Structure formats: structure tokens, C-alpha cells
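Next come the chains, spelled out residue by residue.
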Amino acid sequence: MHFITKFFQLKEHGTSIKKEFFAACTTFVAMLYIIPVGADILSLAGMPKAPLITSISLITALATLLTGLWANVPVAMSLGMGLNTFFTFGLVQGMGLSWQQSLGAVFISGLFFLLISFTKLRMWILKSIPKDMRIALCCGLGAFITTIGLKSIGIIQIQGNNLLLNNLLEPQILISIFGIFLLLFFHSLKLHASFILSIIILSIIGWVFGYQKIPETIISTPASIKPIFMELEITSILTLAMIPAIISLLITDLFDSLGTLSGIGIKANLFQNMEKEDKKLEKTLQVDAFATTMGPVFGLSTTTAFLESAAGVNAGGRTGLCAVFIAFLFLLTLFLLPVFLAIPSFAIYPTLVVVGALMFLEIKQINFSDIPIGVASFFTIIFMPLTTSITIGFAAGFIAYVFLNIVQRKWERLNLGTFVLLIISIIPFLIPSL
């Protein structure tokens, strides 16, 4: 016990083993939904669901364990919801890549993220993109996720060039709509387990009414990850056309991580200044980047810091011991395969709708009275759901930002990094496949 107390500096952080354990339980319950949701989304890219469930449990446990041991922060790592969706609906279904090629794109973006995390490039990128546009990126991603959720539920449908309201009286659609309101109700009560609780309730409804077969057993051996392990394809995506997509993955992952860690840090008194040297921030980003490169090896999309870690921080988590406990709890989920496989899709997609809405709420932080910022943020947000592409959304917004700053002669906002990103942003519009 003395070694644990000393290694994680529990006394210095005003915490204890007991506090860290209960905080870990809080975070675990809050983010458990990522296993069924992540597996379901990635399975739509053509990947087998059972191996995905095993891989998500493994990568969450391994990445979170590394965060606790290396960075000593109460931060959990798992699949990023927005980038998970972009993987399936943007790269695979949107750009026509195979899931193997998409894994390769994630791997390359992870290598660049790793490079940035160990060098001064992070500062260079941070200074090249204004804070408001980083927030717009989050909001656009939220709109994108919500659109995917609404289409997957069946609330809206595409007919020709029109987006139409579907027949809402179909039983499974009604159950999903009930799930959206249920989630909003739980969220308004500030329940940390709102997402997984909603999935459980909707699954039980589906099992009772026979829309999904109830699991015959609860515990089983984990599925083999062999069908998706080391299946990433790299050589075929080393083309000019893939540069903007890889850059979009990189930038989105970086700012998603920074935004998440900023929110968690306010509660835990960590990461107080994102644009200055911070050893714990650096180490956490290094783990994030390393996990992003490991994810595709395990057959998964981008891994990132999980916002639900804030639930554990609110419960008293202050050190990496909390993350270590979370990691071991996720290892236990390896044996719950029958339960995860029995969760119906209409119990999962309300999660996307609400997560997207919560991400979009950050729009209040954007300064729309500033014309270059306001217009660029608008283009970033609106283009993502309309084109189902983070790449196009970021590119459109950044082009508008640079153009309007040149017109208004706000030269202090422009630098070498700005023009490098501008050139990269133009590529998607010159290559139709993006």
C-alpha cells in the first residue's frame, strides 16, 4: 500500500486508494456504453462485431492503464465517438475506402500525432488555428454525429436530393425516440450512468417485445480478434488524395483530446494552460497518440481521451490510480460478449443523437461578432453534416477564415502554419473523391 501511495502521490493530491476506486467505478459506468456503441458503428464498415467488442475492451483497458502509469492522471482512453463515426460514414461509406485502408489512415494520423506530442509541433498547430475554430470543429462533429444517429434510427431518410421525415409510427423508431427523451431526462438529472442506463432500458424493451433475442447466457470467453488484428493497409493510401483526410483525423483527434483534457483539468486542477509546457499534459497526449497508433493494430478507429473521465473527477479521482482501476474494470467486460451482442441497434443510436447535441452546445463559446471567425465557424459546422466529411468541413471553414482575414487585413492572425494548412485545405476541393 505504501508503494501505491508513493508512486501515485496520493497524499500530495489529497486523495486515497478508496476514493480513487470509487471514482474509477463512476467513470467506468459512465463510459461503458462505448463498447456496444463503438462496435455497432464500426460493424457498419464491414467489420465483424464480436471481435470488435473484444478489441474495444482491450484497447480501452491498455490505453487507460498506460495513462495512469505514465501520466498519473485520472483520465480514461477509448474510441472517440466522433472519429468512430467518421471512420465508418466518412472514410468507408463516404470515400469508398475499405475498412483495412481506413485503419491505415488512422495509423498514419496516429504516427503524426505521436510526432507532435514529442516535439514543439503541437504549439505550432495550436497557434495556427484559432480557438473558436477548434470549438467549431467540435460543434460540426456534433452535428455530423446527430445526423448519423437520426438517419440510423430512421427518423429522417434521404429521397433523391431531399432529406425527409420518415414514418415515426414504426415500433422500433418509437422506441428510439423514447430513448432520446429518456437520455435527455437522465442528463438533466446529471446521472453519470445515463448512456448505459438508457441502453439497458431500451434493450430490455426490445427483448420483451421480441425485436431482439434475449441473451441465453451472460458470461462467456472473449471472441478472438484475429479477423481484424493487424489487418490495416498502408501502402495503398499513401497518395495525395489521402493527405486532407489524414490531416483531418490528426487535427480532430488533437483538438478533441485538448478540449476533453481541458474540461477534465478544470475539476482536477490539471492542464490549466494548454498553450504552455505542462508535463502531465504532454504525457497524456503522448499516451493518446500511442493509443491511436495501437488502435488500428487491434482493428479499431481513433482512440482518444474520454470526456466521461470528468464523472470520475467529480467523484474525487485525482491520480493515475483511478485510471488503473478503470483499466481493470474494463478487462472484466471481456467476458460479457453475449450481453453486448444482444443489444439492439435501436437502443444504441439515440446515444449518437444526444452525444452530438451535447457537443454542439459548445457553440456558445464562438465569437460570432468577429466576421472571419463567425463565417469560418459557420462553414465548418454546416459542411460536416451536409457532406458527411470532417475533412470538407474543416477545409471550407479554414479557407473562409484565411480569405476574410486577408480582405480585412488582419495580418497578425496569419503565419506560415496558417498558409500551410490553407494549401492542405484546398486539396479536397481539387480532388472530387474527398
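It should be emphasised that the depicted structure is a prediction, and the values quoted were computed from it without experimental measurement.

Undergrad: An account of the side chain of Thr 85 is needed here, citing residue identities and associated values.
TA: Structurally, Thr 85 is set in helix α5 (residues 81-92). For Thr 85, a relative accessible area of 0% puts it in the buried group. Setting aside residues no more than four positions away along its own chain, Thr 85 makes contact with Ile 41, Gly 90, Phe 144, Ile 145, Ile 148 and Leu 352.

Undergrad: Which residues make up unusual backbone geometry, and what values go with them?
TA: Despite not being glycine, Asn 72 has its phi angle at roughly 55 degrees, a positive value. Assignment of secondary structure puts Asn 72 in the loop between α4 (49-71) and β1 (77-79). Despite not being glycine, Arg 409 has its phi angle at roughly 55 degrees, a positive value. Mapping Arg 409 onto the fold places it in the loop between α18 (390-407) and α19 (416-430).

Undergrad: Requested: an account of the environment of Ile 373, with residues and values cited.
TA: With respect to the helices and strands, Ile 373 occurs in helix α17 (residues 371-387). It is 6.4 Å that separates the C-alpha atoms of Ile 373 and Tyr 401, two residues lying 28 residues apart in sequence.

Undergrad: Please provide a residue-by-residue account of the packing of α5 against helix α6 (residues 99-117), values included.
TA: It is the contact of α5 with α6, at a shortest axis distance of 10 Å, that shows an interaxial angle of 120 degrees. By the angle class used here, α5 and α6 are oblique. Once α5 is placed against α6, the crossing between them reads as right-handed. On α6, the residues touching Phe 87, Leu 91 and Val 92 of α5 are Trp 99, Ser 102, Leu 103 and Val 106. Split into classes, the residues belonging to the contact of α5 with α6 amount to 6 nonpolar, 1 polar and no charged.

Undergrad: Please give an account of helix α10 (residues 194-208) that cites residues and values.
TA: For α10, which comprises 15 residues, the first-to-last C-alpha distance of 21 Å matches the rise-based estimate of 21 Å (1.5 Å per residue) to within 8%. Turning to α10, its buried residues are Ser 194, Phe 195, Ile 196, Ser 198, Ile 199, Leu 202, Ser 203 and Gly 206. Residues of α10 that are buried in the fold lie against α2 (17-31), α3 (34-43), α9 (171-188) and α16 (349-360). Positive backbone phi, at 75 degrees, marks Gly 210, one or two positions downstream of α10.

Undergrad: How would you sum up the nonpolar core? Please name residues and give values.
TA: Membership of the largest hydrophobic core comes to 123 residues, with the highest contact counts inside it found for Tyr 33, Phe 87, Ile 129 and Phe 398. Apart from residues lying up to four places away in sequence, Ile 129 is in contact with Arg 134, Ile 251, Phe 255, Phe 394, Phe 398 and Leu 421.

Undergrad: Let's hear about the pattern of salt bridges: which residues, and what values?
TA: In this structure the tally under the stated criterion is 3 salt bridges. The shortest N-O distance in the salt bridge between Lys 213 and Glu 216 comes to 3.1 Å. Among the residues examined, Glu 216 registers a relative accessible area of 69% and is labelled exposed. For Asp 370, the salt bridge goes to Arg 413, with nearest N and O atoms at 2.3 Å. Separated by 43 residues along the polypeptide, Asp 370 in the loop between α16 and α17 and Arg 413 in the loop between α18 and α19 bring together distant segments of the chain.

Undergrad: Tell me about the packing of aromatic side chains, and name the residues and values.
TA: Under the definition given, this model contains 14 aromatic pairs. For the pair Tyr 211 and Phe 346, a centre-to-centre distance of 6.2 Å together with 90 degrees between the ring planes defines the contact as edge-to-face. Here the residue Tyr 211 occupies a position in the loop between α10 and α11 (243-268), and Phe 346 occupies one in the loop between α15 (337-341) and α16, the gap between them amounting to 135 residues. Look at Tyr 211 and you get partly exposed, because its relative accessible area is 33%. Feature note: the residues Phe 3, Phe 7 and Phe 8 constitute an aromatic cluster, connected by ring pairs.

Undergrad: Can you tell me about the environment of Ala 245, naming the residues and giving the values?
TA: On the secondary structure map, Ala 245 appears in helix α11. Sequence separation between Ala 245 and Leu 164 is 81 residues, and the spatial gap between their C-alpha atoms is 29 Å.

Undergrad: Please provide a residue-by-residue account of a nonpolar patch on the surface, values included.
TA: A grouping of Phe 112, Leu 115, Leu 121, Trp 124, Leu 416 and Val 420 is seen on the molecular surface, where their side chains present a nonpolar patch of about 550 Å² in accessible area. At the level of elements, α6, α7 (121-128) and α19 are the ones that each hand at least two residues to the nonpolar patch. For Val 420, a relative accessible area of 32% gives the class partly exposed.

Rules of the game
- Counting starts from 1 at the beginning of each chain's written sequence and moves along it residue by residue.
- Local features in a predicted model are, by the rule used here, given only for residues with pLDDT of at least 70; side-chain atom pairs are given and counted only at 80 or more, and totals for whole chains, interfaces and linings are based on all residues.
- Note: side-chain values were computed over all heavy atoms of the structure, leaving out hydrogens and water.
- Only DSSP runs of H or I reaching four residues or more are called helices, and only runs of E reaching two or more are called strands; each is numbered from the N terminus.
- Summary of the burial criterion: residues with accessible area below 20% of their type's maximum are buried, those above 50% are exposed, and those between are partly exposed, where the area comes from a 1.4 Å probe applied to protein chains only.
- Residues are treated as being in contact if the distance between any of their heavy atoms lies within 4.5 Å.
- Orientation is described by axes fitted as lines to C-alpha atoms, over the contacting stretch for helices, and by angles from 0 to 180 degrees between their N-to-C directions.
- Each angle is binned into one of four classes, with values under 35 degrees roughly parallel, values over 145 roughly antiparallel, values of 65 to 115 roughly perpendicular, and all other values oblique.
- The handedness criterion is simple: a crossing whose near helix is rotated anticlockwise from the far helix by less than a right angle is left-handed, and one whose near helix is rotated clockwise is right-handed.
- Three categories are distinguished: nonpolar for Ala, Val, Leu, Ile, Met, Phe, Trp, Tyr, Cys and Pro, charged for Asp, Glu, Lys and Arg, and polar for the others, with Gly belonging to the last.
- Expected helix span is taken as 1.5 Å per residue step, with the number of steps being one fewer than the number of residues.
- For the purposes of this section, nonpolar cores are sets of buried Ala, Val, Leu, Ile, Met, Phe, Trp, Tyr and Cys residues that join through side-chain atoms within 4.5 Å.
- Criterion for a salt bridge: a side-chain nitrogen of Lys or Arg within 4 Å of a carboxyl oxygen of Asp or Glu.
- Pairs were defined over the aromatic rings of Phe, Tyr and Trp, the Trp ring being its six-membered one, requiring ring centres within 6.5 Å. Orientation was assigned from the angle between planes: stacked under 30 degrees, edge-to-face over 60, tilted for the rest.
- For patches, a residue must show more than 30% relative accessible area and have no salt bridge; joins then use 9 Å for like charges and 5 Å for nonpolar side chains, namely Val, Leu, Ile, Met, Phe, Trp and Tyr.
- In short, Shrake-Rupley with a 1.4 Å probe defines the accessible areas, and a residue's cover is counted only from the protein chains shown.

Fair warning: the whole summary comes from geometry, so function is off the table for now.
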